[in-house]
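Examining the three-dimensional arrangement
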Amino acid sequence: MALLIGVPRETAAGEKRVATVPDVVEKLIKLGFSVAVESGAGDAANCNDDSYRAAGASVAGSAAELWGTADIVFKVRPPTLDEVALLRPGATLIGFVWPAQNPELMAALQARQVTALAIDCLPRQLSRAQKMDALTSQAGVSGYRAVIEAANAFGRFFNGQITAAGKVPPAKVFIAGAGVAGLAAIGTAANLGAIVRANDTRAEVADQVVSLGGEFVKVDYEEEGSGGGGYAKVMSEGFQAAQRAMYAQQAREVDIIITTALIPGKPAPKLITAEMVATMKPGSVIVDMAAEQGGNCELTVPGQAVVRHGVTIVGYTDLASRLAKQSSTLYSTNLLRLTEELCKTKDGVINVNFEDDAIRGLTVVKNGELTWPAPAPKLPPPPPPKAAAVAAPKAAAHGHGPGEPMKGSTLAIVFAVGAVLFALVGLYAPAAFLSHFTVFVLACFVGYMVVWNVTPSLHTPLMSVTNAISSIIAIGALIQVAPPLDATGAADRPHALILGCAVVALVLTAVNMFGGFAVTRRMLAMFRK
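In this text, all values refer to a predicted model and were calculated from it rather than measured experimentally.

**So, the overall build of the chain**
The helix and strand inventory of the chain stands at 17 helices and 19 strands. Per-residue burial over the chain gives 41% buried out of 529 residues. Intrachain contacts of the chain at a sequence separation of at least 6 include 62% that bridge at least 24 residues. For the chain, the exposed area adds up to about 27500 Å²; of that, 63% sits on carbon and sulfur atoms.

**So, the packing of helix α6 (residues 134-153) against helix α11 (residues 324-342)**
If you want to describe how two helices pack, look at the angle between their axes and the distance between the axes. Where α6 meets α11, the axes come as close as 9 Å, and the angle between the chain directions of the two elements is 170 degrees. Relative to α11, α6 is oriented roughly antiparallel. Taking contact as the criterion, the partners of A134, S137, Q138 and V141 in α6 are, on α11, Q326, S327, L330, Y331 and N334. In terms of residue class, the contact of α6 with α11 is made up of 4 nonpolar, 5 polar and no charged.

**Some words on the nonpolar core**
Ranked by size, the top nonpolar core spans 44 residues in total, and within it F74 and L338 carry the most contacts. Counting only elements with at least two residues in this core, the list comes to β1 (4-7), α1 (22-30), β2 (34-38), α2 (49-55), β4 (72-74), α6, α11 and α12 (357-362). The element contributing the most residues to this core is α11, with 6 residues.

**Here's the deal with helix α5 (residues 103-111)**
Along α5, the residues that are buried comprise L105, M106 and L109. When α5 is viewed along its axis, its buried side chains cluster within an angular range of 100 degrees and face the same direction. What points out from α5, more than 90 degrees from its buried face, is the exposed set P103, E104 and A111. Where α5 is buried, its residues contact α4 (81-86), β5 (92-95), β6 (115-118), β18 (363-366) and β19 (369-370).

**Points about the pattern of salt bridges**
Applying the stated criterion across every chain yields a total of 21 salt bridges. Of the charged contacts, one joins E149 and R145 as a salt bridge, the two residues approaching to 2.9 Å between their closest N and O atoms. Of this pair, E149 and R145 both sit in helix α6, 4 residues apart, which is roughly one turn of the helix. In this pair, the class of E149 matches that of R145, namely buried.

**Details of the sheet that holds strand β9 (residues 172-176)**
Overall, mixed pairing links the 7 strands, which are arranged β11-β10-β9-β14-β15-β17-β16 in an open sheet. Both edges of this open sheet fall to β11 (215-216) and β16 (305-308), since each of them pairs with a single strand only.

**What to know about the pairing of strand β10 (residues 195-199)**
Every other side chain in a regular strand lies on the same face of the sheet, so the side chains alternate between the two faces. Most of β10 is tucked away: 4 of the 5 residues are buried. Bridge count between β9 and β10: 5 bridges; the pairing is parallel. Bridging from a neighbouring strand, A176 pairs with N199 of β10. Regarding topology, helix α7 (residues 180-191) serves as the crossover connection from β9 to the parallel β10, and that connection is right-handed. Sheet analysis places β10 next to β11, joined by 2 bridges and oriented parallel. Note that in β11 the partner of R197 across the bridge is E215. Handedness of the crossover joining β10 and β11 through helix α8 (residues 206-211) is recorded here as right-handed.

**As for the confidence of the model for the chain**
Confidence in the prediction for the chain averages 87 pLDDT; 86% of positions are at 70 or higher. Low pLDDT, under 50, characterises residues 395-399; the stretch is placed with 4 contacts to residues that sit more than four places away or in other chains.

**Points about the sheet that holds strand β3 (residues 58-60)**
Spatially, 8 strands are ordered β3-β2-β1-β4-β5-β6-β18-β19 in an open sheet, and the strand pairing comes out mixed. Across the chains shown, the open sheet's two edge strands, defined by having one partner strand only, are β3 and β19. Sheet strands in contact with α5 are β5, β6, β18 and β19, and its direction is about 35 degrees off that of β18. Packing against the sheet, α11 makes contact with β4, β5 and β6, and its axis sits at approximately 140 degrees to β5.

**So, unusual backbone geometry**
The residue after W372, namely P373, is reached through a cis peptide bond having omega 0 degrees. One can find P373 in the loop between β19 and α13 (387-398). Even without being glycine, K346 reaches a positive phi, approximately 55 degrees.

Reading the values: the criteria
- Residues numbered from 1 in each chain as written.
- Predicted model: local features only at pLDDT ≥ 70, side-chain atom pairs only at ≥ 80, totals over all residues.
- Heavy atoms only, no water.
- Helix = DSSP H or I, 4+ residues; strand = E, 2+ residues; numbered from the N terminus.
- Buried < 20%, exposed > 50% of the residue type's maximum accessible area, 1.4 Å probe, protein only.
- Contact = heavy atoms within 4.5 Å.
- Areas by Shrake-Rupley, 256 points an atom, 1.4 Å probe, with all protein chains shown as cover.
- Axes fitted to C-alpha atoms, helices over the stretch in contact; angles between N-to-C directions.
- Parallel < 35°, antiparallel > 145°, perpendicular 65-115°, else oblique.
- Nonpolar A, V, L, I, M, F, W, Y, C, P; charged D, E, K, R; others polar.
- Core = buried A, V, L, I, M, F, W, Y, C linked by side-chain atoms within 4.5 Å.
- Arc of directions from axis to C-beta.
- Salt bridge = Lys/Arg side-chain N within 4 Å of Asp/Glu carboxyl O.
- Pairing = 2+ DSSP bridges.
- Right-handed = clockwise from strand over helix to strand, strands pointing away.
- pLDDT = per-residue confidence, 0-100.

Written as structure tokens, this is what we have:
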């Protein structure tokens, strides 16, 4: 029997997201489920009741009706204790739970004998879990919105401008934390024309910051900050002192600071002190994306935008909800991918399979039994080293390795063999062959010197090789079309067939060379702004 998926209205203050949008409802129905949505659940995300009905869902008139009949409940925010009391025993709850921060909720779920899948507990180190990673999708939306809120509170353009009315310098933005939200903020601020700087305790994200148009600001202290699973770890006191000094310097120089630093299961670290805020230029802005967990700035007021020392400190806790349509679409897609993993038979029945590391990590309560925290997932072993990498040192021991110059004795042998071959050709080859052979050698030399050594930045390495070969063909064909004069001043005209082949070779070579450069220009243009 197909199960009923219920989508209630979110009751948290200011929450505008909905757990499923009409486009995803159609896909859930194709998996064999029936879907019911509480009336008005999607109004704030521009998804009205009629759009859900058109997609095939039914509309429940009240929360009690939906919670009491649904076999599976899709939620965004953790349910309240009153909502848990409406769950029927044996039902399944899927959404954000945050088990470490909500012990009372966990106890209520166990007492209700339900199964709870916490989307926030997904093992993010599993590559195949990315399609279900709601933390990443929502953080990307929040990072984008943080820059928009900063631009709204800032009194100038982000990009620099020179106008008849005067020069406007570009805004300087510093982003503390280069996780998913931080990288989204870096890309958005850079696209708006700001000068972007960023810092993170994980050194491996430096290349990602630069690729998005930012500058990575390194702390003058050597310590690795990766905590596994895509999160940062708590750093040593020495590192934190060096980090505070760097933040103090950035606070004096930049116009906007966006903080994103969070450590799972712990309060948000205090990165921006009141003294740093006091040194910032009047009109500056701080957007504290960690406000819901206490904030990275000492002066942050969760849920509000306040002004301290002439600096606007934005502590909104609903950044993703401020783009409700977009964040709801992404979140509902994450839940759809999870549902596909739970219902691989497409018969409207789910299977919470603990043999699947992703499902095991998500499940915090199963039929009233506490299953959180989950054991570490079994990661695949690293790939074995390639055989070529092992064979390279052996080749170097017997002669020369890749990229190494040839030994003098080997080079002398090569030249000696070449000289003997040329001498034999000169002594015994017919005169007609010698003239063609001379043309061939000259064509190879000219082709190599003229085309092969062209700077690779002008065209791709592949085009360098093909153009070198084409130049050899072109020179040989030109010799055949316009042969050199003999001693009497007459030209030895080639046979008509040879002449025709030479003309065709010239045409095809010209098409290849000019067409190759045209294609290369188009390829390079794809990487230019």
